[in-house]
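A closer look at the structure
Next come the chains, spelled out residue by residue.
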Amino acid sequence: MSEIGSDNLKAMVLAIAGRIADSREQLNRLDAALGDGDHGASISAAFEKAVAEVAGLPDPKPSEIWLTTAQSLMNGMGGASGALFGTLFLKGVAAIHGKERLGKADLNKLWAASLAGVKARGKAEIGDKTMVDALEPAVLAFAAYDNIADAWAAAAEAASNGAESTRELIARQGRAKYLGERGIGHQDPGATTIALMFEALDNYWREMTNGKT
Amino acid sequence: MSARVHKLINQPENILSDMLDGFCAAYGDIVRLTDEGLVLRATPKAPGKVALVIGCGSGHEPAMIGWIGQGLFDVNIAGEIFTAPGPDRILQGIKAADRGAGVLVCVSHHAGDLLNAELALELCQMEGLSNVDMVVLYDDISSAPKGREPERRGTAGLFFVWKMLGAFCEGEGDLAAAKALAEKVRDNTRSLAMSLSSCASPITGEVMFEMPEDEMEIGMGLHGEMGMGRQKALGARETIDLMLPPILEDLPFQAGDEVLVLLNNSGSMTLMELFILYKRVAEKLAEAGIRVYKSWIGPYATTQEMAGFALSLCRVDDELKALWDAPADGAYMKQR
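All residue numbers refer to position in the chain's written sequence, counted from 1. Here the convention is simple: chains get letters from A, ligands get numbers from 1, in the order in which they are written. Thresholds applied to this predicted model are a pLDDT of at least 70 for local features of residues and 80 or more for the giving and counting of side-chain atom pairs; totals over whole chains, interfaces and linings are not thresholded and use all residues. With hydrogens and water stripped out, all remaining heavy atoms of the structure feed into the side-chain values.

**Observations regarding the pairing of strand 13 (residues 308-315) of chain B**
Residues and elements named next belong to chain B. Of all the 8 residues making up strand 13, 7 are buried; the element is thus mostly covered by neighbouring parts of the structure. At least two bridges found by DSSP between two strands are what make those strands a pair. The way it works is that DSSP assigns letters per residue, a run of H or I at least four long becomes a helix, a run of E at least two long becomes a strand, and they are numbered from the N terminus. With 7 bridges connecting them, strand 8 (residues 189-195) and strand 13 associate as antiparallel partners. Paired with Ser195 across the bridge in strand 13 is Gly308. When strand 11 (residues 258-265) meets strand 13, the two strands line up antiparallel, connected through 7 bridges. Opposite Asn265, over in strand 13, you have Phe309 as the bridge partner. Under the scheme applied here, a residue whose accessible area is under 20% of the maximum for its type counts as buried, over 50% as exposed, and between as partly exposed, the area being computed with a 1.4 Å probe on protein chains only.

**Quick look at the layout of surface pockets**
Only protein atoms enter the 1 Å grid used here, on which a cavity is any set of points holding a 1.4 Å probe that cannot leave and a pocket is any open set flanked by protein within 12 Å on both sides along at least five of seven lines; residues with an atom within 4 Å of a point are listed as lining. Grid points are joined across faces, edges and corners, and a volume is the space filled by probe spheres set on the points. If you add up the space inside the second largest pocket, you get close to 1000 Å³. Contributing to the lining of the second largest pocket are 40 residues, with Asp38(A), Ala41(A), Ser42(A), Ile203(B) and Thr204(B) lying nearest its centre. Listed by contribution, the elements that provide at least two residues to the lining of the second largest pocket are helix 2 (24-34), helix 3 (39-55) and helix 4 (62-77) of chain A together with helix 1 (15-26) and strand 5 (75-81) of chain B. Each residue is assigned to one of three groups, with Ala, Val, Leu, Ile, Met, Phe, Trp, Tyr, Cys and Pro labelled nonpolar, Asp, Glu, Lys and Arg labelled charged, and all others, Gly among them, labelled polar. Here the residues of the lining of the second largest pocket are counted per class, giving 17 nonpolar, 13 polar and 10 charged.

**As for the interface of chain B and chain A**
With 27 residues of chain B at the contact, the number on the chain A side is 21 residues. Throughout, buried area stands for the accessible area (probe radius 1.4 Å) lost by two parts on being put together, summed over both. Taken together, both faces of the contact between chain B and chain A bury some 1900 Å²; the carbon and sulfur share is 54%. Criterion for a salt bridge: a side-chain nitrogen of Lys or Arg within 4 Å of a carboxyl oxygen of Asp or Glu. Put simply, chain B and chain A have 3 salt bridges between them. Residue Arg121(A) pairs with Glu122(B) through a salt bridge whose shortest N-O separation is 3.0 Å. Taken together, the elements giving at least two residues each to the side of chain B that touches chain A come down to helix 2 (87-97), helix 3 (111-127) and strand 10 (229-232) of chain B. Residue contributions to the side of chain B that touches chain A peak at 7 residues, all from helix 3 of chain B. Residues are treated as being in contact if the distance between any of their heavy atoms lies within 4.5 Å.

**A look at helix 7 (residues 271-287) of chain B**
All names here are of chain B. In this scheme, a helix's expected span is set at 1.5 Å multiplied by one less than its residue total. Between its terminal C-alpha atoms helix 7 stretches 24 Å, which fits the 24 Å expected from 17 residues at 1.5 Å a residue. Within helix 7 the residues assigned to the buried category are Leu274, Leu277, Tyr278, Arg280, Val281 and Leu285. All buried residues of helix 7 fall inside an arc of 165° around its axis, so they share one side. Residues of helix 7 that are exposed and point over 90 degrees away from its buried face: Met272, Lys279, Ala286 and Glu287. Buried residues along helix 7 sit in contact with helix 6 (236-250), strand 11, strand 12 (291-298) and strand 13. In this context, the arc is that of the directions from the helix axis out to the C-beta atoms.

**Concerning the sheet that holds strand 1 (residues 31-33) of chain B**
All names here are of chain B. Spatially, 1-2-5-3-6-7 is the arrangement adopted by the 6 strands of the open sheet, whose pairing is mixed. Two strands bound the open sheet, and with one partner strand each, they are strand 1 and strand 7 (132-137). Sheet twist, expressed as the mean angle between neighbouring strand axes with direction ignored, is 25°. Here strand 3 (residues 51-58) runs beside strand 6 (residues 103-108); their pairing, made up of 4 bridges, is parallel. By the bridge assignment, Ala51 is partnered in strand 6 with Val103. To get an axis, a line is fitted to the C-alpha atoms, and for a helix only the part in contact is used. The angle between two axes follows their N-to-C directions and goes from 0 to 180 degrees. Packing of helix 1 onto the sheet brings it into contact with strand 1, strand 2 (38-41), strand 3 and strand 5, and relative to strand 1 it is tilted by some 140°. Seen against the sheet, helix 3 touches strand 3, strand 6 and strand 7 and runs at an angle of roughly 170° to strand 7.

Okay, structure coming up:
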């Protein structure tokens, strides 16, 4: 399978929502150490809203699915997380606008636009202990493979390693910045959410293709 | 194992709507609540004046719902607990506030407030609403060193901006002048907070961070964010002697300056303690040759039941004094 359509993208949003809902308490606990302890609750509720809104779209194009997801996250969650996770999807919309089916090159463009958007919005770079620490390696790993299945697997692994790397970092953006060195030892909840997203996408792809590429 | 606090709420998911319903029922002569959950003035200001909008997380009452009214703000978009509202709601607030002379979106500097306001302004551009601008406000000296002021957080000292900017926007000044005035007050304001205890999230009931009984934290943010560090809890006099000098040095406030003083109660500090603290503030300012124009003591921007206070100073000139003394009629800010 080398192209994906709207049904796949809908299922991808659903897969992400399910994985994040399962991790709600874990994300709350991570956020309690660095923020106000509600990241899991708020992002799982926002993805639940996204799934419902996307399901209500009549015959949507891929870009419409991503736009609706972005709006659900921004307006359903609020806060810095809403703005940043919303931007992640919103900036991908222009990259796939007008397309009915997305090939590997389109997906590369989609993720590159998302990464650039998140970095610009949050003014964050690798090493700042933010979602960028998981997102950037995932996007780079995804682009490095021509085969979609290999790309998802590599992206999931890179995101997971990136999220784990935030444990030893000092935050330079967001509310955790004020913790300084006291944040060392705690993994960033935003980066963890990115890792869960890519894990869900990799799992979805493997189940959908039944191991075939 | 963290402690739990029982709060008198109904369902946690209804905290925001229940609170806004109660507030607007109580103060229906001053504010009204729209179907979208916006808090507006009961009687809008006259057309042709700059409108003031602020979106912010809830849980800090009376900020900012208590500041909607004549001589103050036009619209508050209250977000969930400690969570800035999303861009669509801010856009709704901008549209509801517009009186034909532009809208200034005020941002108390925190990542969520700033990012969502930026997104809302991008939506305004897409919709062709051109006469909208934002101003980013900050005052907390503990959150970034001198020379990096724009990285600082917005805390209780923005009280001075809200009041004077509100008065300014009852006049004839345009949007650019309103923004410049907000920046002028901001650039003359400095704050530092301290806390003796944590507070519990109203949603989960869980205490947000652990605080040993005999310690205090200087530089605590409005959400219990860490500040300059912990130390043994001191008495009132010693606490002011520790907190006032860095505030004075930062601007710097100098002999001959005139200032407004705010002692903001973070939640559960008693008025008795605040008066005792203020006695020392007054003594030290007199010693430094700094004249106090007016002082305010009370809970203006709270963090639930946190036991602590913020000390804020604002240097004023004749323009700012006149704006300070101008009438205001919000549910929790009155000036006659």
